[in-house]
Amino acid sequence: MVMTMKNLFLTLFLFSLLLHSSFSQPTMDGAGLCGSQCSKRCSKAAVLDRCLKYCGICCQECKCVPSGTYGNKHECPCYRDKKSSKGTPKCP
């Protein structure tokens, strides 16, 4: 009986870990770094959620974010050169 309870507990524990991992958000390599850099970059943006979205996309692709809240795009040429479908700068 004691061994059966231990097996049941172990089975439930492993099942809960598996269930938790299937619902958790996957994290991309460097996502934390992009999040903190984009938070700084977008801190003065008028539309914060849009700035964070596009900054995050650009950071994931370029692996860098220019310093400051505006300009300095020479620090990250990939970030600087990304364009939207309309030909305007994609990255804030």
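Residues numbered from 1 in each chain as written. Predicted model: local features only at pLDDT ≥ 70, side-chain atom pairs only at ≥ 80, totals over all residues. Heavy atoms only, no water.

Student: I keep staring at the overall build of the protein chain and nothing clicks. Help me out?
Tutor: Helices and strands together make up the secondary structure of the protein chain, namely four helices and zero strands. Starting at the N terminus and walking to the C terminus, you meet the elements of the protein chain as α-α-α-α. For the protein chain, with 92 residues in total, the buried portion stands at 17%. Taking all contacts inside the protein chain whose residues are at least 6 apart in sequence as the whole, residues at least 24 apart take part in 43%. Accessible surface, the protein chain: about 7100 Å² in total, of which carbon and sulfur atoms supply 65%. (Helix = DSSP H or I, 4+ residues; strand = E, 2+ residues; numbered from the N terminus. Buried < 20%, exposed > 50% of the residue type's maximum accessible area, 1.4 Å probe, protein only. Contact = heavy atoms within 4.5 Å. Areas by Shrake-Rupley, 256 points an atom, 1.4 Å probe, with all protein chains shown as cover.)

Student: Just checking my understanding: could you explain the side chain of R41 for this structure?
Tutor: Relative to the elements of secondary structure, R41 occurs in helix 2 (residues 31-41). Although R41 is buried, it forms no salt bridge, and the closest oppositely charged side chain is E75 at an N-O distance of 6.4 Å. Engagement of the side chain of R41 in a polar contact is seen with the backbone oxygen of P92, the distance being 3.2 Å. Among residues more than four places away in sequence, those in contact with R41 are C55, V65, P66, S67, G68, T69, Y70, G71, K73, Y79 and P92. (Lys, Arg positive; Asp, Glu negative; His and termini not counted. Salt bridge = Lys/Arg side-chain N within 4 Å of Asp/Glu carboxyl O. Polar contact = N/O pair within 3.5 Å; in protein donor to acceptor, adjacent residues only side chain to side chain.)

Student: Looking at this structure, I do not really get the layout of surface pockets. What am I missing?
Tutor: Summary: where empty space remains is shown by rolling a probe the size of a single water molecule over the atoms. When its volume is computed, the largest pocket comes out at roughly 200 Å³. Its residues assigned to classes, the lining of the largest pocket comprises six nonpolar, two polar and three charged. (1 Å grid on protein atoms, 1.4 Å probe; cavity = no way out; pocket = protein on both sides within 12 Å on 5 of 7 lines; lining within 4 Å. Points joined across faces, edges and corners; volume = space filled by probe spheres on them. Nonpolar A, V, L, I, M, F, W, Y, C, P; charged D, E, K, R; others polar.)

Student: How should the state of the cysteines be read in this particular structure?
Tutor: Two cysteines, two sulfur atoms, one covalent bond between them: this is a disulfide. A complete count under the given rule lists six disulfides for this structure. Across the disulfide, C38 is cross-linked to C55 (sulfur-sulfur distance 2.1 Å). When the S-S torsion is -85°, as for the bridge of C38 with C55, the disulfide is left-handed. One end of the pair, C38, is in helix 2; the other, C55, is in helix 3 (residues 48-62), with 17 residues separating them in the sequence. (Disulfide = S-S within 2.5 Å.)

Student: Help me out: how do you make sense of the environment of S84 in this one?
Tutor: Note that S84 resides in the segment after helix 4 (77-81). When neighbours within four sequence positions are excluded, S84 is seen to be in contact with P89 and K90.

Student: Any chance you could explain a nonpolar patch on the surface here in plain terms?
Tutor: A contiguous nonpolar patch, built from F9, L10, F13 and L14 and spanning about 440 Å² of accessible area, is present on the exposed surface. Along the chain, F13 turns up in helix 1 (residues 2-23). (Patch = residues over 30% accessible without salt bridge, like charges linked within 9 Å, V, L, I, M, F, W, Y side chains within 5 Å.)

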